[in-house]
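# Chains, contacts and geometry: an overview
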2 protein chains.
Amino acid sequence: MARIAIIGLGLIGGSLGLALKRAKIVDLEIAGYDEKGTSRARKLGAIDREARTAAQAVEGAALTIIAVPISQVRSVLEEIAPALAEGAVVTDTASTKREVIAWADELLPETVSFVGGHPIAGKEIAGIDAAEAELFQNRAWAVIPSVRASERAISAVENLVALVGARAVIVDAAEHDSYLAAVSHLPLLLSSALFSLASSSTAWPELASLSGPGFRDTTRLASTPPELSHDIVLTNRENVLHWLDRLAEELRRFRALVEDGAKQEELFKALATVQSTRDAFLRELPARQTGTGAADMLSAGERITAFLMGEFAVRRTKEIQEMLERSERASERPRRGDRP
Amino acid sequence: MARIAIIGLGLIGGSLGLALKRAKIVDLEIAGYDEKGTSRARKLGAIDREARTAAQAVEGAALTIIAVPISQVRSVLEEIAPALAEGAVVTDTASTKREVIAWADELLPETVSFVGGHPIAGKEIAGIDAAEAELFQNRAWAVIPSVRASERAISAVENLVALVGARAVIVDAAEHDSYLAAVSHLPLLLSSALFSLASSSTAWPELASLSGPGFRDTTRLASTPPELSHDIVLTNRENVLHWLDRLAEELRRFRALVEDGAKQEELFKALATVQSTRDAFLRELPARQTGTGAADMLSAGERITAFLMGEFAVRRTKEIQEMLERSERASERPRRGDRP
């Protein structure tokens with residue numbers, strides 16, 4: 001019996017459990033832990049076994065998924081580090097990655113591979129009761145290998161992603177945080193600022209009564225749980241500030257086009273370009289998904305089974321590889337900060 | 001046989017026809033005209049009779065609905081003015097109202113009542129084929145009587161609104177344009193600026209591949225047909241500029257909270273207030289329709305949230321500080337596996 005551990009059984013952890021169960025992998029046991037309790041997740045069928053601590057959940061797990069808020073990732077890593085099996089793979093689902101990767105490098109033993117993860121999916125509603133097996137279907141899922149992560153660990157996480165219906169996008173941590181600041185964290189703050197502006201107006205009752213689906217969609221992200229928004233902003237502050245400044249510039253550009261009666265043609269062209277570019281973006285998204293979709297799910301299932309089952313068989317190969325890699329690194333460059 | 005005329009059979013005019021037909025009013029004939037032709041609207045069942053000109057459509061019509069782009073409203077008013085019956089009621093569906101009301105005052109005979117209208121509904125897709133009878137269901141519909149409009153005319157338009165499932169909100173033209181600038185035209189420009197910024201980045205392919213439902217929703221309005229966006233901005237320029245400036249201020253306020261490490265509690269409270277206010281807004285929208293004091297309820301809700309959040313924010317700020325301090329201490333220590 002192979003084991004996957006999920007630490008944190010909210011919307012993401014719960015949905016991941018449900019999606020894995022739906023994939024019907026033979027002889028797989030999902031152990032789960034959440035500080036708020038595990039019985040609801042068990043009842044909903046997201047996990048098989050309820051652990052009483054995070055450390056207990058990861059015992060004997062080939063793959064551990066940390067799906068707690070960013071502000072708790074560090075302490076979870078600290079807690080599970082001593083309990084992780086040799087060769088275990090650890091991933092997470094946090095929305096920013098540089099801090100998380102640094103924590104994993106610092107806290108996890110060298111015998112463990114950390115491969116960061118970030119499913120670009122979610123809802124404004126948090127918690128296990130909002131979980132659904134379909135949550136990751138056709139969504140992007142950023143995969144961010146740590147420096148020490150083995151190829152085997154990276155492909156285990158890629159297979160996990162494919163198994164739940166998502167599309168893996170491999171990036172490094174700095175790229176991830178910079179890109180996500182643009183397409184996720186900036187929209188989040190923008191949405192919040194827009195809603196804050198409207199709702200703090202003295203005319204808010206009138207504004208609310210005259211608002212429609214456009215206002216509702218544009219401000220949807222303002223309903224993100226504030227703990228999550230705050231964590232994101234705190235752990236990606238520089239990138240967020242950078243994109244906030246670039247947006248302010250872009251808004252000034254649009255403002256100038258609106259204000260200047262002589263620039264109406266330019267304004268129209270700007271609006272028309274945005275519309276046609278967005279339509280192209282919507283049309284081409286399905287094309288991006290080809291080659292990673294449903295057709296590959298079966299083989300991803302086979303691959304993750306092989307990964308889980310062949311744990312022992314591959315361990316030796318891995319140990320040898322790591323030994324070789326370690327000695328290569330040592331000979332190639334001076335190593336800073338080796339522990340005494 | 002009573003007659004309603006619809007001039008302009010795109011998404012809005014077509015949906016209005018379908019919604020009226022669904023209401024199964026006895027002995028009602030809907031005459032329609034569109035410069036692009038009327039046969040598709042007739043085939044889809046949105047109109048009963050195809051007129052060959054706008055003037056022909058309004059002959060004998062008790063109620064005329066002008067559902068053409070704002071930039072064409074003036075010429076339609078000019079064309080139908082001589083053909084309107086005495087006592088006829090004319091309404092429209094344009095997104096801005098001051099210009100339209102002024103044109104109606106100038107061009108329509110005194111025997112005709114003009115009551116402006118603006119259904120706060122729509123889609124990014126234009127045209128008769130996107131029309132649906134359900135489009136206005138539970139949506140707001142601003143009703144803007146001109147100075148000369150009779151009580152009878154106002155209630156005729158209110159009844160039309162109720163008949164298609166929407167909720168009439170009576171406002172004057174200046175209020176309408178100011179309010180809609182905040183909850184519709186500003187979100188539209190914001191959405192366009194955000195999409196423009198991301199899509200003009202050199203990293204756009206990566207940004208696109210890592211974007212999710214949040215980016216898609218926040219930029220949905222950027223897919224508005226540029227003719228419509230441009231018309232709106234042109235006919236409501238001052239209000240749009242006003243709200244663009246206020247948003248720039250609000251973004252600067254958020255930026256300062258993000259940048260200043262000492263203001264994390266304030267940032268968290270700002271995000272938490274936005275979230276709880278938006279949740280209250282979503283919950284209380286049906287209550288607004290009964291005419292109760294939704295504004296007072298909301299501020300009571302906000303007050304208790306602020307009270308509850310106060311304690312939580314203090315505790316959380318402490319947790320976050322501890323997390324960041326731990327991570328700072330860790331980065332001061334030599335770390336394993338650092339790249340040179």
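Residues numbered from 1 in each chain as written. Chains lettered and ligands numbered in written order. Predicted model: local features only at pLDDT ≥ 70, side-chain atom pairs only at ≥ 80, totals over all residues.

### A few points about the overall build of chain A
For clarity, the threshold we go by: By the criteria applied, helices consist of DSSP H or I runs no shorter than four residues and strands consist of E runs no shorter than two, each listed in order from the N terminus. Exposed residues have 12 or fewer other C-beta atoms within 10 Å of their own C-beta, buried residues have 20 or more, and partly exposed residues fall in between, where C-beta atoms are placed from the backbone. Here contacts are defined at the residue level, using C-beta atoms placed from the backbone and a cut-off of 7 Å between them.
A tally of helices and strands in chain A yields 14 helices and eight strands. When each of the 340 residues of chain A is scored for burial, the buried share is 53%. Residue pairs in contact within chain A that sit at least 24 positions apart in sequence constitute 77% of those at least 6 positions apart.

### Section: the packing of helix H4 (residues 70–80) of chain B against helix H5 (residues 98–107) of chain B
Residue and element names in this part refer to chain B. Where we set the bar: Throughout, an axis means a line fitted to C-alpha atoms (over the contacting stretch in the case of helices), and angles, computed between N-to-C directions, take values from 0 to 180 degrees. Each angle receives one of four descriptions, namely roughly parallel if under 35 degrees, roughly antiparallel if over 145, roughly perpendicular if within 65 to 115, and oblique otherwise. In a left-handed crossing the near helix is turned counterclockwise from the far helix by less than a right angle, and in a right-handed crossing that turn is clockwise. Under this grouping Gly is polar, as are all residues other than the nonpolar Ala, Val, Leu, Ile, Met, Phe, Trp, Tyr, Cys and Pro and the charged Asp, Glu, Lys and Arg.
Following both chains from N to C, one finds H4 and H5 inclined at 20°, their axes separated by 10 Å at the closest point. Between H4 and H5, the interaxial angle falls into the category roughly parallel. Judged by the twist between their axes, the crossing of H4 over H5 is right-handed. Note on element contacts: H5 touches H4 through Val-100, Trp-103, Ala-104 and Leu-107, opposite Val-73, Arg-74, Leu-77 and Glu-78. Of the residues contributing to the contact of H4 with H5, the split by class is six nonpolar, no polar and two charged.

### Considering unusual backbone geometry
Residue and element names in this part refer to chain A. Positioned with a positive phi, Asp-27 is a non-glycine residue whose angle comes to about 60°. Positionally, Asp-27 belongs in the loop between helix H1 (11–22) and strand S2 (28–33). The exposure class of Asp-27 is exposed, given the 10 C-beta atoms found within 10 Å.

### Points about the pairing of strand S2 (residues 28–33) of chain B
Residues and elements named next belong to chain B. What counts, and what does not: Strand pairing follows a simple DSSP-based rule, namely that at least 2 bridges must link the two strands. Here a crossover is taken to be right-handed if, once the strands point away from the viewer, the path from the first strand over the helix to the second is traced clockwise.
Relative to S2, strand S1 (residues 2–7) runs parallel, the two sharing six bridges. Each residue of the ladder has a partner; that of Arg-3, found in S2, is Glu-29. Regarding topology, helix H1 (residues 11–22) serves as the crossover connection from S1 to the parallel S2, and that connection is right-handed. Pairing between S2 and strand S3 (residues 49–50): two bridges, direction parallel. Paired with Gly-32 across the two strands is Glu-50, which belongs to S3.

### Brief notes about the interface of chain B and chain A
Counting residues at the interface gives 90 residues for chain B, matched by 90 residues for chain A. Top contributing element to the side of chain B that touches chain A by residue count: helix H7 (residues 173–199) of chain B, with 18 residues. When its residues are assigned to classes, the side of chain B that touches chain A shows 51 nonpolar, 21 polar and 18 charged.

### Things to note about the packing of helix H7 (residues 173–199) of chain A against helix H11 (residues 237–259) of chain B
At a minimum axis distance of 9 Å, the contact between H7 of chain A and H11 of chain B shows a crossing angle of 120°. Of the possible angle classes, the one that applies to H7 of chain A and H11 of chain B is oblique. Note on packing geometry: the crossing formed by H7 of chain A with H11 of chain B is right-handed. On H11 of chain B, the residues touching Leu-189, Ala-193, Leu-194, Ser-196 and Leu-197 of chain A of H7 of chain A are Arg-246, Leu-247, Glu-250, Leu-251 and Phe-254 of chain B. Each residue belonging to the contact of H7 of chain A with H11 of chain B can be placed in one class, and the counts come to seven nonpolar, one polar and two charged.

### Details of the environment of Ala-55 of chain B
All names here are of chain B. Along the chain, the position of Ala-55 falls in helix H3 (residues 54–58). Sequence-wise, Ala-55 and Thr-218 are 163 residues apart; in three dimensions their C-alpha atoms are separated by 41 Å. Contacts of Ala-55, omitting those with residues within four sequence positions, involve Glu-79, Ile-80 and Ala-83.

### As for the sheet that holds S1 of chain B
All names here are of chain B. Judged by pairing direction, the sheet is mixed, and its eight strands sit side by side in the order S3-S2-S1-S4-S5-S6-S7-S8 without closing on themselves. Only two strands of the sheet have a single neighbouring strand rather than two, namely S3 and strand S8 (167–170). When strand S4 (residues 63–66) meets strand S5 (residues 89–92), the two strands line up parallel, connected through four bridges. In the sheet register, Ile-65 faces S5, and the bridge partner there is Thr-91.

### Digging into the domain arrangement of chain A
All names here are of chain A. What counts is decided by this rule: Where a domain begins and ends is set by an automatic assignment or by a domain database.
What the domain assignment lists for chain A is domain 1 (2–171 + 292–332) and domain 2 (175–259). Taken together, the contacts link 14 residues of domain 1 with 15 residues of domain 2. Going through the elements one at a time, helix H4 (70–80), helix H5 (98–107) and strand S7 (140–145) are the ones with two or more residues in the side of domain 1 that touches domain 2. Of the residues assigned to the side of domain 1 that touches domain 2, the class counts are six nonpolar, four polar and four charged.

### Here's the deal with the nonpolar core
As a reminder of what qualifies: Any nonpolar core is a set of buried residues, restricted to Ala, Val, Leu, Ile, Met, Phe, Trp, Tyr and Cys, that join up through C-beta atoms within 7 Å.
Core analysis: the largest hydrophobic core is formed by 219 residues, its most contacted members being Ile-6 and Ile-7 of chain A together with Ile-6 and Ile-7 of chain B. Among the domains, domain 1 (2–171 + 292–332) and domain 2 (175–259) of chain A are the pair contributing at least three residues each to this core. Leave out the neighbours within four places in its chain, and Ile-7 of chain B touches Tyr-33, Ala-54, Ala-57, Thr-64, Ile-66, Ala-67, Val-68 and Val-76 of chain B.

### A short note on the relation of the copies chain B and chain A
Note that the two copies of the chain are related through a rotation about an axis and a translation along the same axis. What counts is decided by this rule: C-alpha atoms of residues with pLDDT of at least 70 in both copies form the basis for the least-squares superposition of the copies.
Once chain B is rotated about the relating axis by 180° and shifted along it by 0.0 Å, it coincides with chain A to within an RMSD of 0.1 Å. Classification of the inter-copy transformation places it as that of a two-fold axis. Of every C-alpha in chain B, the one belonging to Thr-218 of chain B sits nearest the axis of rotation, 2.2 Å from it. Here 88% of the contact residues of chain B are again contact residues in chain A; the copies associate through an equivalent surface.

### So, the sheet that holds strand S1 (residues 2–7) of chain A
All names here are of chain A. The strand order across the open sheet formed by eight strands is S3-S2-S1-S4-S5-S6-S7-S8, and the pairing between neighbours is mixed. Only two strands of the sheet have a single partner each, and these edge strands are strand S3 (49–50) and strand S8 (167–170). Relative to S7, strand S6 (residues 113–119) runs antiparallel, the two sharing five bridges. Of the residues in S7, the one forming a bridge with Pro-119 is Trp-141. Most of the contacts of H5 go to S6, to which it runs at about 160°, and overall it touches strand S5 (89–92), S6 and S7. Those strands touched by helix H6 (residues 151–163) are strand S4 (63–66), S5, S6, S7 and S8, and its axis lies near 170° from that of S7.

### Things to note about the pairing of S6 of chain A
All names here are of chain A. Of all the seven residues making up S6, seven are buried; the element is thus mostly covered by neighbouring parts of the structure. Residues Ser-113, Val-115, Gly-117 and Pro-119 of S6 are buried on one face, and the alternating residues Phe-114, Gly-116 and His-118, pointing to the opposite face, are buried as well. With two bridges connecting them, S5 and S6 associate as parallel partners. By the bridge assignment, Val-89 is partnered in S6 with Ser-113.

### Observations concerning the confidence of the model for chain A
Low pLDDT marks regions whose predicted coordinates should not be analysed in detail. Residue and element names in this part refer to chain A. Cut-off, in case you're wondering: Per-residue confidence from the predictor is reported as pLDDT, a score between 0 and 100.
For chain A, the mean per-residue pLDDT works out to 88, and 84% of the residues sit at or above 70. Counted against residues more than four places away or in other chains, residues 286–298, with its pLDDT under 50, gives nine contacts. Scored as a whole, the predicted complex attains pTM 0.83, and scored at its interfaces, ipTM 0.83.

### Comments concerning H5 of chain B
All names here are of chain B. How we decide: Within this analysis, the arc is defined by the directions that extend from the helix axis to the C-beta atoms.
Residues of H5 that are buried include every one of Val-100, Ile-101, Trp-103 and Ala-104, and no others. For H5, the angular spread of the buried residues around the axis is 160°, confining them to a single face. With respect to the buried face of H5, the exposed residues turned more than 90 degrees away are Asp-105 and Glu-106. The elements touched by buried residues of H5 are H4, S5, strand S6 (113–119), strand S7 (140–145) and H7.

### With respect to the environment of Phe-215 of chain A
Along the polypeptide, Phe-215 of chain A turns up in helix H9 (residues 213–218). Overall, Phe-215 of chain A belongs to the buried group, with 25 C-beta atoms counted inside 10 Å. Sequence-wise, Phe-215 of chain A and Ala-198 of chain A are 17 residues apart; in three dimensions their C-alpha atoms are separated by 10.0 Å. Contacts of Phe-215 of chain A, omitting those with residues within four sequence positions, involve Val-183, Ser-184 and Pro-187 of chain B.

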